[in-house]
Amino acid sequence: MPTQPIYTQNKEKKPLVSFIVTYYNEPTYMLKECVNSILALSLNESERQIIVVDDGSEVSPVNDLLELSPNIIYVRQPNQGPSQARNTGIELASGSFIQFVDGDDCLLTSAYEQCLDIVRYKDTDMVLFQSTDKTISKPITDAEGPMSGTEYMTHHNLRGSVCTFLFNKEILHDLRFPKGTFHEDEEFVPQIMLRAESLYTTNNKAYYYRKRKNSTMHKTDKRWHIRRLADAEQVIYRLKERVDYLPVKERIAMDRRIAQLTMDHIYNVITLTHDETHLNHVLQRLSRRGLFPLPDKDYTTKYKYFRKMTSTAFGRKMLMMALRVKKA
């Protein structure tokens, strides 16, 4: 390990990390907890940049933010969704690394410090860590790497949330979040993963994901579910269209990710609609794109079981019954 952190070699003296916090109508106290969790880290003012992008909230939280720190960059824009809010943050970010944080979540100080140490002392493009629904997390000193993002994606399932990735801004290039769609993380994450040449992964549970009944992810309206399912399907199609333009190793990695997303999508169609006719229409569309039946690969035990069950009409019927009973 070097005697001096690697990032201090940066002659531009730009911040180590830009924290992009997206906010939309969450309770103000949650946003303050979020920002305070960033301020609590062992980064001085010159080492961190906090950007809060207010995506058109009904009431601006700017006064509450000024109470916490005068150096927070606050941007208020018309409501355009989380994708455009993050893209706005990217354009303003001047740090070597970027960390996305949703305004109602927090970073867990001790565990996140382990991630910061990796970017301080390792030559890395990306650090992967864990999320938790607990407010306390014990720090762990483990870290695996370096490996390429392609290598990691070839052998592991990915976590969908971009908030569990700390990544070097330079690998972004022109990559941005797709506008006006849900499941934007699912499209963004595998693409940036392929750009990481040096990746470390840790089991530190460094991100507190707050479960809220009235949040976007937990709405129960049927029409809302149908829209999210439709957007998820389009994400899979767009990733599939990119596969043919990738080198062989990256193509293998992306194929695994697409298969995982397709499996998750079929599962969600079953559990959210409980409609066999709707499921059959989805499978017909996936089949026309070469996505169904699922590829005969030994990715995981769960994948192999799910592939076998969904490959026949009888298996799908049994699976639908089993998941309905499980939900009840």
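Sequence order as written defines the numbering, with residues in each chain counted from 1. The predicted nature of this model means local features are confined to residues of pLDDT at least 70 and side-chain atom pairs, given and counted, to a pLDDT of 80 or more, with totals for whole chains, interfaces and linings taken over all residues. Here the side-chain values reflect all heavy atoms present in the structure, with hydrogen atoms and water set aside.

Draft legend 1. Spotlight on the overall build of the protein chain. Note on conventions: DSSP H or I runs of at least 4 residues are helices, E runs of at least 2 residues are strands, and numbering of each starts at the N terminus. Broken down by element type, the protein chain carries eleven helices and nine strands. We compute the radius of gyration from the C-alpha atoms alone; for a globule the expected value is 2.2 Å times N to the 0.38, where N is the number of residues. Against the compact-globule benchmark of 20 Å for 328 residues, the protein chain has a radius of gyration of 21 Å, which places it among compact chains. Each principal axis of the C-alpha distribution contributes one length, and for the protein chain these read about 60 × 45 × 35 Å. Looking at the protein chain as a whole, 50% of its 328 residues are labelled buried. A sequence separation of at least 24 residues applies to 78% of the contacts in the protein chain between residues at least 6 apart. Accessible areas in this description were obtained via Shrake-Rupley with a 1.4 Å probe; residue shielding takes into account the shown protein chains only. Summed over all atoms, the accessible surface of the protein chain reaches about 16,500 Å², with 51% contributed by carbon and sulfur. For the purpose of counting charges, residues Lys and Arg are taken to be positive, whereas Asp and Glu are taken to be negative. His and the chain ends are not included. In this description, the location of a charge corresponds to atom NZ of lysine, CZ of arginine, CG of aspartate or CD of glutamate. Treating the 46 positive side-chain charges of the protein chain as one cloud and the 41 negative ones as another, the clouds have centres 6 Å apart. Summary of the burial criterion: residues with accessible area below 20% of their type's maximum are buried, those above 50% are exposed, and those between are partly exposed, where the area comes from a 1.4 Å probe applied to protein chains only. Pairs of residues are marked as contacts when any of their non-hydrogen atoms sit within 4.5 Å.

Draft legend 2. Local environment of the pattern of salt bridges. Salt bridges are identified by distance alone: a Lys or Arg side-chain nitrogen within 4 Å of an Asp or Glu carboxyl oxygen. In the structure shown here, the tally under the stated rule is 18 salt bridges. Between K32 and E67 there is a salt bridge, with its nearest N and O atoms 3.6 Å apart. Taken together, the residues K32 in helix α1 (residues 28-39) and E67 in helix α2 (residues 62-68) connect sequence positions 35 residues apart. On the basis of relative accessibility, which here comes to 59%, the residue E67 falls in the exposed class. Residues R242 and E187 are paired through a salt bridge, measuring 3.4 Å at the closest nitrogen-oxygen approach. Placement of R242 in helix α7 (residues 222-243) and of E187 in helix α6 (residues 184-193) is noted, with a sequence separation of 55 residues between them. Overall, the relative accessible area of 31% leaves R242 in the partly exposed class. Taken together, the shared-partner salt bridges connect R86, D102, E184 and D185 into one network.

Draft legend 3. Looking closely at the packing of aromatic side chains. Ring pairs are drawn from Phe, Tyr and Trp, using the six-membered ring of Trp, whenever the two centres fall within 6.5 Å, and their geometry is named by plane angle: stacked under 30 degrees, edge-to-face over 60, tilted for the rest. Overall, the coordinates contain eight aromatic pairs when judged by the stated rule. With a centroid separation of 6.4 Å and 55 degrees between ring planes, the pair formed by F167 and F188 is classed as tilted. Of this pair, F167 sits in strand β8 (residues 165-168) while F188 sits in helix α6, and the two are 21 residues apart along the sequence. Taking the relative accessible area as the measure of exposure, F188 reaches 0% and is therefore buried.

Draft legend 4. Quick peek at a nonpolar patch on the surface. There is a patch of nonpolar side chains on the surface, built from F314, M318 and M321 and spanning about 310 Å² of accessible area. Tracing the backbone shows F314 in helix α11 (residues 313-327). Here, patches come from residues exposed beyond 30% relative accessible area and free of salt bridges, joined within 9 Å for like charges and within 5 Å for nonpolar side chains (Val, Leu, Ile, Met, Phe, Trp, Tyr).

Draft legend 5. Representation of the environment of N168 within the structure. Considering the arrangement of structural elements, one finds N168 in strand β8. Owing to a relative accessible area of 13%, N168 belongs among the buried residues under this scheme. It is 30 Å that separates the C-alpha atoms of N168 and T28, two residues lying 140 residues apart in sequence. Excluding residues within four positions of it along the chain, N168 makes contact with S96, F97, T124 and D125. In this structure the side chain of N168 is engaged in a polar contact, spanning 2.9 Å, whose partner is the backbone nitrogen of E170. Under the rule applied, a polar contact is a pair of N or O atoms within 3.5 Å (in protein, one hydrogen donor and one hydrogen acceptor; residues adjacent in sequence only if both atoms are side-chain atoms).

Draft legend 6. Region of the structure containing helix α3 (residues 82-92). By the criterion of burial, α3 is predominantly enclosed, with eight of the eleven residues buried. For α3, the secondary structure elements touched by its buried residues are β1 (17-23), β2 (48-54), β3 (73-76), β4 (97-102) and α6.

Draft legend 7. Examining the packing of α7 against helix α9 (residues 276-288) more closely. In this description, a line fitted to the C-alpha atoms serves as the axis of each element, helices being fitted only across the stretch in contact, and the angle between N-to-C directions of two axes falls anywhere from 0 to 180 degrees. At a minimum axis distance of 12 Å, the contact between α7 and α9 shows a crossing angle of 15 degrees. Classified by the interaxial angle, the pair formed by α7 and α9 is roughly parallel. Crossing angle aside, the handedness with which α7 passes α9 is right-handed. Contacts from I226, E233 and Y237 of α7 reach α9 at H278, V282, R285 and L286. Residue polarity follows a fixed list, in which Ala, Val, Leu, Ile, Met, Phe, Trp, Tyr, Cys and Pro are nonpolar, Asp, Glu, Lys and Arg are charged, and the others, Gly among them, are polar. Grouping the constituent residues of the contact of α7 with α9 by class yields four nonpolar, one polar and two charged. For classification, angles of less than 35 degrees are called roughly parallel, those exceeding 145 degrees roughly antiparallel, those between 65 and 115 degrees roughly perpendicular, and all remaining angles oblique. By the definition used in this description, the sense in which the near helix is turned from the far one sets the handedness, with an anticlockwise turn below a right angle giving left-handed and a clockwise turn giving right-handed.

Draft legend 8. Broad picture of the pairing of strand β9 (residues 199-208). Taken across its ten residues, β9 has eight buried, putting it largely inside the fold. Strands were regarded as paired on the criterion that DSSP finds at least two bridges between them. Across two bridges, strand β5 (residues 106-107) lies against β9 in antiparallel orientation. Looking at the pairing, C106 lines up with Y208 of β9. Two strands pair when backbone bridges link them, and strand β6 (residues 126-132) and β9 are joined in this way by six bridges, in the parallel orientation. Bridge pairing in β9 places Q130 opposite K205. Where strand β7 (residues 144-147) and β9 come together, two bridges link them in antiparallel fashion. Pairing of M147 across the sheet is with L199, part of β9.

Draft legend 9. Looking closely at the confidence of the model for the protein chain. For every residue, the pLDDT score states the predictor's confidence, bounded by 0 at the bottom and 100 at the top. Here the protein chain shows a mean pLDDT of 92. Residues at 70 or above account for 93%. Per-residue pLDDT stays below 50 along residues 7-11; that stretch engages in four contacts with residues further than four places along the chain or on separate chains.

Draft legend 10. Representation of the environment of P82. Positionally, P82 belongs in helix α3. In this structure P82 comes out as partly exposed when scored by relative accessible area, which is 41%. For the pair P82 and G180, spaced 98 residues apart in sequence, the C-alpha separation works out to 8.6 Å.

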